[in-house]
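An overview of the molecular structure
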Amino acid sequence: MLIKIGPRKRPPRERERERERERERVEQRRRRRRREGEKLAMAAARGVACGLGALAFSSGSAKDTALKLSQHYVHIAAGRGAVFGEATAAAALLCPPLQQRKKVQCCGSSRRFRVGISVLKALQKIQTEYVVKTEGDPGTLAYRAYLLSGSGKTVSPWHDIPLRSAEGYFNFVVEIPKETSAKMEVATEETLTPIKQDTKKGKLRFYPYNINWNYGLLPQTWEDPTHANSDVEGAFGDNDPVDVVEIGERQAEIGEVLKVKPLAVLAMIDEGELDWKVVAISMDDPKASLVNDIEDVEKHFPGTLTAIRNWFRDYKVPDGKPQNKFGFENKPAGKSYALKVIDETHAAWVKLVTRSVSAGDLSLI
């Protein structure tokens with residue numbers, strides 16, 4: 001006779017103890033996740049408060065609102081669960097690209113860490129951006145546009161903004177937005193070199209027609225007026241930072257700092273002085289990935305290089321002045337030469353700010 005032996009049945013009391021131990025383990029994991037989540041939430045909320053506080057340099061109601069929001073989010077940090085939704089909303093407000101990310105959701109504890117990371121990344125981006133603070137009214141002699149860093153410190157758009165961005169691209173400071181005609185420029189002889197409108201005989205200067213591209217400068221570059229360039233008829237530098245013509249589709253704003261990649265360069269000779277025009281594209285432009293050198297510009301932006309040359313050749317003609325000339329037989333040089341120009345003018349700037357050469361009336365602050 002065979003006796004079938006099945007699994008041993010545990011007594012009810014033992015089964016209950018096992019269930020109790022499992023519940024305790026689950027609760028411990030839940031408490032651990034909650035503590036870790038609260039730490040991240042606190043960091044995120046405090047970071048948002050700092051980001052909002054950094055915007056509090058504004059005046060009037062904008063300043064009051066920023067300060068109130070900072071206090072609000074610090075208070076929310078003590079509210080544990082709710083902080084993720086509020087902190088993420090604030091970060092999205094400060095960093096619009098974050099609004100498009102699916103991680104900006106707060107439903108379900110499994111997404112908490114990803115949300116916190118997204119918030120902190122957005123705040124990190126805010127810290128590296130620059131904000132424009134203006135004095136005086138546009139269209140007046142008193143107008144000045146100053147740049148402030150993420151910490152609220154006023155910086156020079158010429159000397160303090162690095163030539164290269166953290167991603168390895170080049171920083172480009174916008175002086176003149178596309179489709180405008182006011183001749184804005186960095187005031188190289190004023191402390192902190194703010195952006196102002198150029199003058200002639202006490203009157204504000206305007207181009208005779210709109211410029212069709214964003215126009216500005218490469219920070220930490222300088223065209224040395226004592227250096228004769230043997231490649232371009234021995235012309236001397238014009239004593240200014242290197243100019244950039246940005247061909248992207250978006251109209252930028254005065255003082256905006258864009259990440260760009262150089263594509264070509266024109267050697268303009270303006271009344272005997274060498275005035276480089278680096279042609280570049282913003283990395284946030286839809287066509288940025290398609291263009292990497294001069295040939296790509298001709299393919300994806302047909303006629304643009306000729307239009308840029310003609311615009312700078314002729315813009316002084318309505319005032320009775322002759323056309324500007326260009327080196328290299330009136331043709332643009334490619335990316336490799338543009339990079340050479342940037343390297344040489346950055347080296348010249350280093351000599352300038354280290355006082356290895358005379359600064360003259362230029363401000364080095």
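Residues numbered from 1 in each chain as written. Predicted model: local features only at pLDDT ≥ 70, side-chain atom pairs only at ≥ 80, totals over all residues. Heavy atoms only, no water.

**Quick word on the overall build of the protein chain**
The cut-off we apply is this: Think of it this way: any DSSP run of H or I at least four residues long counts as a helix, any run of E at least two long counts as a strand, and we number them from the N terminus. Think of it in three bands: with a 1.4 Å probe and only protein chains considered, a residue is buried below 20% of the maximum accessible area for its type, exposed above 50%, and partly exposed in between. By the convention used here, residues are in contact when the closest approach between their heavy atoms is within 4.5 Å. Accessible areas in this description were obtained via Shrake-Rupley with a 1.4 Å probe; residue shielding takes into account the shown protein chains only.
When helices and strands are tallied, the protein chain shows eight helices and 17 strands. Looking at the protein chain residue by residue over its 365 residues, the buried ones come to 41%. Contacts in the protein chain between residues far apart in sequence, at least 24 positions, make up 64% of those at least 6 positions apart. When the accessible surface of the protein chain is totalled, it reaches about 20000 Å², and 51% of it is carbon and sulfur.

**Let's talk about unusual backbone geometry**
Within the chain, Leu-192 stands out as a residue other than glycine whose phi angle is a positive 70°. Relative to the assigned elements, Leu-192 resides in the loop between β6 (184-186) and β7 (195-197). Backbone geometry places Asn-239, a non-glycine residue, at a positive phi of 70°. If you trace the backbone, Asn-239 turns up in the loop between β13 (235-237) and β14 (243-246). With relative accessibility at 28%, the residue Asn-239 sits in the partly exposed group.

**Details of the environment of Trp-276**
Note that Trp-276 resides in strand β16 (residues 273-282). As a C-alpha pair, Trp-276 and Pro-241 span 35 residues in sequence and 9.1 Å in three-dimensional space.

**Some remarks on the confidence of the model for the protein chain**
Atomic detail in the predicted coordinates should be set aside for any region of low pLDDT. Keep this limit in mind: One confidence number per residue, pLDDT, is output by the predictor and ranges from 0 to 100.
Overall, the predicted model of the protein chain reaches an average pLDDT of 81, with 72% of residues at or above 70. Predicted confidence is poor over residues 54-63, with pLDDT under 50, and the contacts of this stretch with residues over four places away or in other chains come to nine contacts. Taken as a whole, residues 73-113 scores under 50 in pLDDT and shows 62 contacts with residues more than four places along the chain or in a different chain.

**Thoughts on the layout of surface pockets**
Gaps left between atoms show up when a probe the size of a water molecule is rolled over them. To keep it simple, the criterion reads: Lining residues are those with an atom within 4 Å of a point, where the points come from a 1 Å grid over the protein atoms alone and group into cavities, where a 1.4 Å probe fits but cannot get out, or pockets, open sets with protein on both sides within 12 Å along at least five of seven lines. Grid points are joined across faces, edges and corners, and a volume is the space filled by probe spheres set on the points. When residues are sorted by character, Ala, Val, Leu, Ile, Met, Phe, Trp, Tyr, Cys and Pro go into the nonpolar class, Asp, Glu, Lys and Arg into the charged class, and all the rest, Gly among them, into the polar class.
Empty space within the second largest pocket amounts to approximately 900 Å³. Looking at the second largest pocket, it is lined by 34 residues, and the ones nearest its centre are Lys-183, Glu-185, Asp-198, Arg-205 and Asp-240. At the level of elements, β6, β10 (206-211), β11 (214-217) and β16 are the ones that each hand at least two residues to the lining of the second largest pocket. The residue makeup of the lining of the second largest pocket, split by class, is twelve nonpolar, two polar and 20 charged.

**Focus: the packing of aromatic side chains**
Spelled out, the test is: Ring geometry is summarised as follows: Phe, Tyr and Trp rings, the Trp one being its six-membered ring, pair when their centres sit within 6.5 Å, and such pairs are stacked at plane angles under 30 degrees, edge-to-face over 60 and tilted between the two.
Under the criterion given, the structure shown has ten aromatic pairs. Measuring from centroid to centroid gives 6.0 Å for Trp-276 and Tyr-337, while their planes differ by 50°, and the two rings are tilted. You can see Trp-276 sitting in strand β16 and its partner Tyr-337 sitting in helix α8 (residues 335-353), a full 61 residues away along the chain. You can call Trp-276 buried: its relative accessible area is 4%. You can call Tyr-337 buried: its relative accessible area is 16%. Measuring from centroid to centroid gives 5.0 Å for Trp-311 and Phe-312, while their planes differ by 70°, and the two rings are edge-to-face. Per residue, the accessibility class of Trp-311 equals that of Phe-312, and both read buried.

**Remarks on the pairing of strand β4 (residues 170-176)**
Short version of the rule: When DSSP finds two or more bridges between a pair of strands, those strands are recorded as paired.
Most of β4 sits out of view: seven of its seven residues are buried. Of the strand pairs in this sheet, β4 and strand β15 (residues 257-270) are connected by four bridges, and their pairing is antiparallel. Counted as the bridge partner of Phe-172 is Leu-258 from β15. Inspection of the sheet shows β4 paired to β11 by three bridges, in the antiparallel sense. Across the sheet, residue Val-174 finds its bridge partner in β11, namely Gly-216.

**Let's talk about the environment of Gly-139**
By the secondary structure assignment, Gly-139 is in the loop between β1 (131-135) and β2 (144-148). Along the sequence, Gly-139 and Arg-205 sit 66 residues apart, while their C-alpha atoms lie 9.8 Å from each other. Excluding its chain neighbours within four sequence positions, the residues that come into contact with Gly-139 are Gln-197 and Leu-204.

**Regarding the nonpolar core**
Inclusion rule: Among the buried residues, those of types Ala, Val, Leu, Ile, Met, Phe, Trp, Tyr and Cys that are joined through side-chain atoms within 4.5 Å form a nonpolar core.
Trp-158, Ile-247, Ile-308 and Phe-312 are the most contacted members of the largest nonpolar core, which has 40 residues in total. Beyond its immediate stretch of four places on either side in the chain, Ile-308 contacts Trp-213, Val-245, Ile-247, Leu-266 and Val-279. If you look at the next biggest cluster of nonpolar residues, it comprises 24 residues, including Val-232, Ala-280, Ala-333 and Val-341.

**Overview of the pattern of salt bridges**
Just so we agree on the cut-off: Any Lys or Arg side-chain nitrogen found within 4 Å of a carboxyl oxygen on Asp or Glu counts as a salt bridge.
In this structure the tally under the stated criterion is 25 salt bridges. Of the charged contacts in the structure, one is a salt bridge between Glu-22 and Arg-25, with a shortest N-O distance of 2.6 Å. With Glu-22 and Arg-25 both in helix α1 (residues 12-54) and three residues apart, this pair spans about one turn of that helix. Accessibility expressed as a relative area gives 35% for Glu-22, which makes it partly exposed. Three or more residues joined by partner-sharing salt bridges are found here, namely Glu-16, Arg-19, Glu-20 and Arg-23.

**Observations regarding the side chain of Ser-363**
Put simply, the rule is: We call two N or O atoms a polar contact when they sit within 3.5 Å, provided that within protein one can donate a hydrogen and the other can accept it, with sequence-adjacent residues counted only if both atoms are side-chain atoms.
By the secondary structure assignment, Ser-363 is in the segment after α8. Side-chain polar atoms of Ser-363 contact the backbone oxygen of Glu-190, separated by 3.3 Å. Apart from residues no more than four positions distant in its own chain, Ser-363 is found in contact with Trp-158, His-159, Thr-188, Glu-189, Glu-190, Thr-191, Leu-192 and Thr-193.

**Points about α8**
Short version of the rule: A helix is expected to span 1.5 Å for every residue after the first. Taking the helix axis as origin, the arc is that swept by the directions to the C-beta atoms.
Given a rise of 1.5 Å per residue, 19 residues ought to cover 27 Å, and the 27 Å separating the end C-alpha atoms of α8 matches this to within 8%. Regarding α8, the residues found buried are Tyr-337, Ala-338, Val-341, Ile-342, Thr-345, Ala-348, Trp-349 and Leu-352. One side of α8 holds all its buried residues, which, seen down the axis, span an arc of 140°. On its buried face, α8 sits against β4, β12 (228-229), β15, β16 and α7 (327-330). At the C-terminal side of α8, Arg-355 shows a positive phi close to 60°.

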